[in-house]
Structures are given as structure tokens and as C-alpha cells.
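# An overview of the molecular structure
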Amino acid sequence: MGRRNAGTLRKQSTLNPPLKWAGGKRWLLPWLLPLWERASTPRLVEPFCGGLAVALGLNAERALLNDVNPHLINFYLWLQRGLVVRLHLANDKELYYAYRARFNELIADPETAASQEAAELFYYLNRTGYNGLCRFNKQGAFNVPFGRYKRINYVQDFSDYQAVLKRWQFTAGDFAEIQASPVDFIYADPPYDVEFTEYSQGGFTWDDQVRLAQWLAKHPGPVVASNQATKRIVELYRGLGFQLTLLDGPRRISCTGDRTPAKEILAVRNIT
């Protein structure tokens, strides 16, 4: 396991990620870009696409982007259509909780869960809620509290994203359901091996971590995975034949205010 210096960023999209996203991997692009370029594969596959920092940063011509969170994917599907937000957007506590209640009402009904209004509310809650968290309770209701921002620069016209996202396919489901081709470049950034994993209803357990690592190890094409460098994660990926690199990742969210860099691994297979 070694350390590497970051390379020079190249060929990135000029578009910024449209959402705030806890654990976003924009900082990891200097390490991912050289791997992506060396692999020279036609399509990027992300089982946990999150805030789109990697897909936009790599500027992939073709991509299959999945997430288990259907409300996140619904937002991206509306971006593909040239979303223009019609809601009134304000950094206001009373408005936030009213919009949160309305969002939970919409997603409780399959007929309205994929609506434009649900997508617009998802964006508002993401930008206005605490630390950009996306958290659901066991009943499937969004329960992130109001944030602590002095000022928020909201975007209402997302039409600039339409040309880029129209080349990409979005799916919502378990990673094991992804139909990847043998030559696809898979980048997996699962919820970290830490206590907080409630990014979706049901969470992400240690059994899921093992299941993911084994699924990735079976892929014949290029594979890159990132995760918290816990002892058992290191042992898991090393035991499956991944080449590991130790990195200092930023810690942007902490209940204690601790911003000490967190140790992370970059696990690589089938890239020479």
C-alpha cells in the first residue's frame, strides 16, 4: 500500500455538481483521471453515482449511473429534460419544513414520487438542509433538519446540464442489478464503513460491503473503488486482489467539528 501525489486535472466538464453531497469525490479526480485515461474504455459505470462529481469530472461521453436512492435519480432524470425550478426558493426555516412535509407526501405515493415537483423539492431540501445530508427514516421519509447557512445561492435553470446528461443512462436500484459490459470502467464509492450509513432507507451493512467487493472483483474490466481505510476494508479488498493506495481524504461533515483528514483507500483492478 503506497502514497501518490495528485496529478494534473485534465478534460473535466465545466459544469459543477448540481447538488451538495456528503462524501463527494471531487477531491479524488486527480487520482481517478489518469486511471480513466489509461483504461480507455467507452463507458463509465457508477453503482453509487451520488452528486455526479466523478461523472462530470471525468467528462464521460457515455455513462451508466445508478443509485439506490430513487429520489436522487428522479432529480437527474428531470435534469435530462432541462429542468427549470418553478418553486419559490428561500433560506427560511418555516418554508423548509413545509416543503419537507410536501416532499414526504409526494414520495409516499408512487404516482407522484417521480414528478417534477418532487424533483424540485429534492433540490431545495438538498441545498437548504443540514450539511447537504440525504437521510431517510425507516418509514422512507426524508428527515434531515433545517441547515445553518447564512446565504444560499440557489439555481433555478438547469438547462445547461441537459446536453451532457442526455448521453447518460440513470437507474435506481441495488448495484448487483446493474448490467455492466465486460469492458466498462466501474467506479464504486459506497457508503463508508462507518456507523452512519443511512443514506437510504435500509442503510448499507457490512454484508453489503462484502457483497459489493466480491461483485467488483468478478468484473473483467477496469475497476476502481474508494472507501474508508478501516482495517477490515483494507483486508477485504487486498484479499480479493486489488491494488491499494492510501490517501488522505477531507472530512467535511463531523458532529464534533473534527476536520482531520480521514484515511481512505483507492482499490484498483485490471488497469495497467
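Cut-offs and rules
Residues numbered from 1 in each chain as written. Predicted model: local features only at pLDDT ≥ 70, side-chain atom pairs only at ≥ 80, totals over all residues. Heavy atoms only, no water. Axes fitted to C-alpha atoms, helices over the stretch in contact; angles between N-to-C directions. Helix = DSSP H or I, 4+ residues; strand = E, 2+ residues; numbered from the N terminus. Parallel < 35°, antiparallel > 145°, perpendicular 65-115°, else oblique. Left-handed = near helix turned anticlockwise from the far one by under 90°. Contact = heavy atoms within 4.5 Å. Nonpolar A, V, L, I, M, F, W, Y, C, P; charged D, E, K, R; others polar. Core = buried A, V, L, I, M, F, W, Y, C linked by side-chain atoms within 4.5 Å. Buried < 20%, exposed > 50% of the residue type's maximum accessible area, 1.4 Å probe, protein only. Pairing = 2+ DSSP bridges.

### Describing the packing of helix 4 (residues 93-107) against helix 5 (residues 116-128)
- At their nearest, the axes of helix 4 and helix 5 sit 10 Å apart, and the two run at 140° to each other. Of the possible angle classes, the one that applies to helix 4 and helix 5 is oblique. You can see that helix 4 and helix 5 cross each other, and the crossing is left-handed. For the pair helix 4 and helix 5, the contacting residues are Leu95, Tyr96, Tyr99, Arg100, Arg102, Phe103 and Leu106 in the first and Glu117, Ala118, Leu121, Phe122, Tyr124, Leu125 and Thr128 in the second.
- Considered class by class, the residues forming the contact of helix 4 with helix 5 number 10 nonpolar, 1 polar and 3 charged.

### What about the nonpolar core?
- Ranked by size, the top nonpolar core spans 63 residues in total, and within it Leu44, Leu52, Phe75, Tyr76, Trp168, Val224 and Leu266 carry the most contacts.
- Take this core: its biggest share by element is 7 residues, from helix 5.
- Apart from the residues within four sequence positions on either side, Leu52 is in contact with Leu65, Tyr76, Leu165, Trp168 and Phe170.
- In this structure, Leu64, Ala217, Ala225 and Ala267 belong to the second largest nonpolar core, which totals 23 residues.

### Overview of the environment of Gly221
- Structurally, Gly221 can be placed in the loop between helix 7 (206-217) and strand 5 (223-228).
- In the structure, Gly221 is positioned 180 residues away from Thr41 in sequence and 8.7 Å away in space, judged by C-alpha atoms.
- If sequence neighbours within four positions are ignored, Gly221 has contacts with Pro182, Asp184, Arg269 and Asn270.

### Re the sheet that holds strand 5
- If you walk across this open sheet you meet the 7 strands as 3-2-1-4-5-7-6, and the pairing is mixed. Edge positions in the sheet fall to strand 3 (168-172) and strand 6 (243-249), since each of these pairs with one other strand and no more. For this sheet the average axis-to-axis angle between neighbouring strands, irrespective of direction, equals 15°.
- As defined by bridge partners, strand 2 (residues 63-67) adjoins strand 3 across 5 bridges and the pair is classed as parallel. Looking at the pairing, Asp67 lines up with Ala172 of strand 3.
- Where helix 7 meets the sheet, it contacts strand 4 (185-188), strand 5 and strand 7 (262-269), and its direction lies at approximately 165° from that of strand 4.

By themselves, these are just geometric observations and shouldn't be taken as functional.
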